[in-house]
Amino acid sequence: MKAFAIGLIFLIAVGILSGIGILLFPLVIVLSIFLQIILALFFVIFSIWLLGKLIIFSWEKVFKV
């Protein structure tokens, strides 16, 4: 009887957690899209900064002769 109760509690817990997972799935989708936008924006800003550093480095090397 004890093993049956533990198995039943486990199945109820798995059911509740899967229900929560199904309800949170749209939130996960929205957060992943938001994270993708933030990472793309960070990459663009980093690329522009890196290009500026390369131009400044090249400018100093060419005209410091």
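So, here's what we can say about the structure. Everything numeric here is computed off the predicted structure, so don't read it as measured data.

Calculation rules
Residues numbered from 1 in each chain as written. Predicted model: local features only at pLDDT ≥ 70, side-chain atom pairs only at ≥ 80, totals over all residues. Heavy atoms only, no water. Patch = residues over 30% accessible without salt bridge, like charges linked within 9 Å, V, L, I, M, F, W, Y side chains within 5 Å. Areas by Shrake-Rupley, 256 points an atom, 1.4 Å probe, with all protein chains shown as cover. Salt bridge = Lys/Arg side-chain N within 4 Å of Asp/Glu carboxyl O. Helix = DSSP H or I, 4+ residues; strand = E, 2+ residues; numbered from the N terminus. Buried < 20%, exposed > 50% of the residue type's maximum accessible area, 1.4 Å probe, protein only. Phe/Tyr/Trp six-rings, centres within 6.5 Å; stacked < 30°, edge-to-face > 60°.

Digging into a nonpolar patch on the surface
The grouping of Met1, Phe4, Leu8, Ile12, Ile16, Leu17, Ile20, Leu24, Leu27, Val28 and Leu31 at the surface amounts to a nonpolar patch, some 1200 Å² of accessible area in total. Here leucine 17 is to be found in helix H1 (residues 2-63). By relative accessible area, which is 60% here, leucine 17 ends up exposed.

Quick word on the environment of leucine 50
By the element assignment, leucine 50 lies in helix H1. When the C-alpha positions of leucine 50 and isoleucine 16 are compared, they lie 49 Å apart, and in sequence the two are 34 residues distant.

Regarding the packing of aromatic side chains
Evaluated as defined, the whole model comprises three aromatic pairs. With 4.7 Å between their ring centres and 50° between their planes, tryptophan 59 and phenylalanine 63 make a pair best called tilted. With tryptophan 59 and phenylalanine 63 both in helix H1 and four residues apart, the pair spans about one turn of that helix. For tryptophan 59, a relative accessible area of 57% gives the class exposed.

Examining the environment of isoleucine 38
With respect to the helices and strands, the residue isoleucine 38 is situated in helix H1. Considering only alpha carbons, one finds isoleucine 38 and phenylalanine 4, 34 residues apart in sequence, at a separation of 49 Å.

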